[in-house]
Amino acid sequence: MNREQTNENMLAVRNLKVVFPMAHGVIRAVEGVDLDIKKGESVALVGESGCGKSVTSKSLMKLLDTPPALMRVDDITLDGESLKDYSEKKMQDIRGRHMSMIFQDAMTSLNPVMTCGRQIDEMYMRHQGMDKKEARKHTIRALELVGVPEPKSRARNFPHELSGGMRQRVLLAMAFACMPKLIIADEPTTALDVTIQAQVLDVLRDMQRTHGVSLLLITHDLSVVSNIAETVYVMYSGKIVEKAPMKELFRTPYHPYSEGLLKSVPKLSDEGKQFVQIPGSVPHPMKKPSGCYFHPRCPYATEECRQSMPPLEKRGEDRLVRCFHPLKHDAKEAKTA
Amino acid sequence: MKKSYIVKRILYSVFIFFVVLTLNFFIPRIGVDDPAERYYPPQGNMSDAEYEIIKELTREQYGFDVSTPRQYLNYLSDLFLEGNMGTSFRSGSPAVTDLIIDRLPWTLVLSVSTLLLGLIVGILIGVVAAMKRGRWQDTMLLNASTIMVALPAFFIALVFSFFLGFEAELFPAYTNPDMVSDFSWSLDSLRMVAYNAALPVISMAFGSIIGYAQGTRNAVIAVTGEDFILTARSKGLKPNAIRYKHTLRNAMLPIVTSLGMSISGLIGGQVVIEQIFNWHGMGTLFLEANNTNDYPLMMGIMLLLSAFTIVAILVTDLIYVLLDPRVTVGEKR
Amino acid sequence: MTDKKLPIQQRMLTFLKKRAIGTGRFFKRIWAHPKGKIGLTVVSLLVIVAVFAPWIAPYDPYDVADRTTKGLTPSLQHPLGTTINTGVDIFSMLIYGTRISLIVGVTAGVCIAFVGAILGVMAGYIGGFADNLIMRTVDVLLVIPSLPLVIVLTNVLGRDYWIIIFIFVALGWGGLSRNIRSLVLVIKNSNYVKAAELAGASRWRIMTKHILPGTSHLLIMSTALGSAGIMVAEAGLSFLGLGDPTRISWGRMLAEAQGGGALLFGHWWWIIAPGIGIFLAVFSFMRIGIVMEEVLNPRMKQSTGIHKIFKTLSGDYINEVFDSMEETEQPTTSERSAAKA
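For the structure given in this document, a descriptive report is provided here. (Residues numbered from 1 in each chain as written. Chains lettered and ligands numbered in written order. Predicted model: local features only at pLDDT ≥ 70, side-chain atom pairs only at ≥ 80, totals over all residues.)

## Topic: the overall build of chain B
A count of helical and extended segments in chain B gives 13 helices and 0 strands. Going residue by residue from the N terminus, the α and β elements of chain B occur as α-α-α-α-α-α-α-α-α-α-α-α-α. Dimensions of chain B along its principal axes, counting C-alpha atoms only, are 85 × 55 × 40 Å. Taken over 333 residues, chain B has a buried fraction of 42%. (Helix = DSSP H or I, 4+ residues; strand = E, 2+ residues; numbered from the N terminus. Buried ≥ 20, exposed ≤ 12 C-beta atoms within 10 Å, placed from the backbone.)

Right under this line is the structure:
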């Protein structure tokens, strides 16, 4: 709201709100989120489960169903094109072509009764008007690019016949098939083993960098963030609480929640140190506390925090924080950390 | 892997058939020392000596004069080597096989058209209801199904036969016997069969239409909530492509399973419907046999109906295997 | 219950036992549901009618002396007329018909639940040979068309109504025990059963105290749905003239109507009346079963609920919700620091 929208932005979202009316009240999943992603940039949206990050990602592609969801937004622009008033039909041409998505669990995100190749073929057939044969050629190339060995025969396999890592690569190949402007990856590696996780992340990062695609990475896992993202948005209970370049956030988090998240990541250098957890849990989206949503869990909370919601304010170059009492870091500490 | 599953499945069906066959052999022997007593129960005005003679004759005629295991083997060899299911009690002692073969096509006409009508219309309605979820089309299906499941098919048949047959005279309330006696493969003849079959088929299909519609609706809605449908939407596929290539293909799986399960009930229920419309099928033949205690005929029909069900379930299982690449050995069932 | 000195497994067991046995409030839950209310009301009405049939029915349909002119049309004396062939009051037959339908349906339904539960739990919990034997029997039962088999068995065993009940039970437990078995397989691997095993509970105790209560929801649901199914089957059997020949049942009334010329003479009420009887009985039992299913499977209920909520949502309310999330003019940093100072 308070920032200029520059034309180097690939994606700009202004004041996104999503609610779910229920029998016993309204779930406020997303409460006025702004996002900016530059061309070729990779941005992470971080938060615990239930903070509204997945809902945000789906609503960017207008994939939420009404009912049950109701969405309102001041503006969504993709590469200067405003999607706000696009009809479902027009969105269908955007999805997959200009904006595509990688989901968390490749096992359930792939159609179990269709071969993997066929599911990627569909992208080329739909968006580039290819016939089956031509599409398959491209599919095989796409699978090769994401590091699937023997792509020709893998394409003929059904999802259940592949390993978890291979399945996730199929999803990557699918998302990159038409070289979209923006890829939204919703917890792309959470369902995988740690070693496979790293491999898939490498592929994702390489693909994103070499093809200059913008990436929005949704995750709860800060180690994933440090691998890929350049800018990080921290989300808590439907609101952005902090935005910062990745390195700065890791060095000098301003919001107590960001600090808590960082502390709860075990590091090799931490040997012997206490492993810290944020006490409590994300508030129920129907019963959010008054004032700052984080105050019941915040060690620094004051009366002011209990009373009113702090605004999201600029603090330093390219950084935003939503806190009355942002953490202070002296220069020395910032350097050594 | 798939092949061995199919082979196993077929062998298992054969095993089940043998169990049914054995049951079939023993049912008339329940509760009596001598099957002849079952076949020819003692009559009130008969002296013991007379009855002994009659039993002796019955034993000889139906091969009960050997030991029970021997009888069982004879039963099997007759059935498999000669296709002989025994001799009916009817005058002239016709072979059960011949009696059944005479009725078989007429029964199949009803069953197959009911099944097709029920499936096609039911699936169509179900898909529409799922698409219009929560709107009046869906609510109507829900209300119709709550009422229909409580109405037995034979009652619907009676009501149809009364209102559409007797009162409105749209369709014959009883089957015209000429349909069978004058049958030839001419257009007129086929039209007559369709005309006579209309009420029985509609009254049987009524319930199954609603049943399949409700099942399809639930399956489609369940699949619509799956992650891969979201993936398909995120790919920008057109709604029709998603519906036919992704949703329906997956929603067919539970429908195929329930189809196999429902066939046994459909075949059994047809007995009553055939009776109401006096249809020249196996159902009426079965009831006639029951009324005359014609055990060879009854058990022959039972065996055939069971064989039909076994084959139908086997076929639906194999269709399932074709539709779902995930099925491997032992995964289903 | 909160005795901290008990070992943890023991405490867990008492807790779970309490929860599992908390099914006593079942009727309350069914009653709380609008569909369940209809079902329970109609079922209780039918029970009252069945029990007090001799007082409710104006004539005794079993009494040969209590017959009048044949083929009367409905009037005050005979609300549904009399039969064309025998001159029996149809309304009284309808009242008495409730008895056989309910007795056969409920008795068979309960017995099936009993047999199905025992065999299902045995198959699921003991496994091995017992499992194989029981499940193969189920496969056989499910492929033999049931109505013809019932007919053959009544021919062999007799047509007394308790024999008919026995046959229905003997043939009807297959589907239920298969469902129970798969549920038991889930429960068997759950942590609380494992805890009970660790605590040294005997197999028998685990089966009766832990596994069986876990299936109680499914059992009550199947009893209701099963009873409804048996009522349809019984009506079909008597309609074919193969039910208990000494009892008046709705199916037999339909058969008499068809055979006695109701169709020819246009006495449609003679056909509709027993049909409505069957419908009400089957419908009400199914309602109860379906409500049970919804209680078991709340996801089904919620999905239709959301559409209802959306229909009643007012635009104003939604605007209010969205506006409440708007970040109103924030005090700027300088203002705040001023306030602080």
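## With respect to unusual backbone geometry
Notably, A:Met179 is not glycine yet its phi reads approximately 45°, a positive angle. Summarising the element assignment, A:Met179 is placed in the loop between helix 7 (164-176) and strand 8 (182-186).

## Some words on the interface of chain B and chain A
Between chain B and chain A, the contact holds 18 residues from the first and 24 residues from the second. Those elements that place two or more of their residues in the side of chain B that touches chain A are helix 10 (227-234) and helix 11 (239-277) of chain B. When residues in the side of chain B that touches chain A are grouped by element, the largest group, 6 residues, is from helix 10 of chain B. Residues of the side of chain B that touches chain A, tallied by class, amount to 5 nonpolar, 5 polar and 8 charged. (Contact = placed C-beta atoms within 7 Å. Nonpolar A, V, L, I, M, F, W, Y, C, P; charged D, E, K, R; others polar.)

## Observations concerning the sheet that holds strand 13 (residues 320-321) of chain A
All names here are of chain A. Spatially, 8 strands are ordered 7-8-9-3-10-11-13-12 in an open sheet, and the strand pairing comes out mixed. Bordering the open sheet on either side are strand 7 (99-102) and strand 12 (313-314), each of which pairs with just one other strand. Where strand 7 and strand 8 come together, 4 bridges link them in parallel fashion. Each residue of the ladder has a partner; that of Ile-102, found in strand 8, is Ala-185. (Pairing = 2+ DSSP bridges.)

## What to know about the nonpolar core
Within the largest apolar cluster, 166 residues are counted, with the highest numbers of intra-cluster contacts made by B:Phe154, B:Met298, B:Ile301, C:Leu254, C:Val282 and C:Met286. With 19 residues, helix 5 (residues 90-126) of chain C is the largest single contributor of residues to this core. Aside from chain neighbours lying at most four places away, what touches C:Val282 is B:Ala150, C:Ala228, C:Met231 and C:Val232. A:Met101, A:Met174, A:Ile184 and A:Val224 belong to the second largest nonpolar core, which has 98 residues in total. (Core = buried A, V, L, I, M, F, W, Y, C linked by C-beta atoms within 7 Å.)

## Brief notes about the pairing of strand 2 (residues 25-38) of chain A
Residue and element names in this part refer to chain A. Inspection of the sheet shows strand 1 (residues 9-22) paired to strand 2 by 11 bridges, in the antiparallel sense. By the bridge assignment, Asn-9 is partnered in strand 2 with Lys-38. Counting the residues between successive antiparallel strands, the hairpin from strand 1 to strand 2 contains 2 residues.

## Some words on the interface of chain B and chain C
Where interface size is given, it is often the accessible area lost as the parts come together that is meant. On the chain C side, the residues contacting the 40 residues of chain B number 33 residues. When contributions to the side of chain B that touches chain C are tallied by element, the ones reaching two or more residues are helix 1 (2-26), helix 7 (153-167), helix 11, helix 12 (282-291) and helix 13 (295-323) of chain B. Sort the elements by how many residues they give to the side of chain B that touches chain C and helix 13 of chain B lands first, with 8 residues. When grouped by side-chain class, the residues that make up the side of chain B that touches chain C number 28 nonpolar, 11 polar and 1 charged.

## Comments concerning helix 10 of chain B
All names here are of chain B. In terms of residue burial, helix 10 counts as a mostly covered element, since 6 of its 8 residues are buried. By the burial criterion, the buried members of helix 10 are Phe-228, Leu-230, Thr-231, Ala-232, Arg-233 and Ser-234. One or two steps after helix 10, the chain reaches Gly-236, where phi turns positive at roughly 80°.

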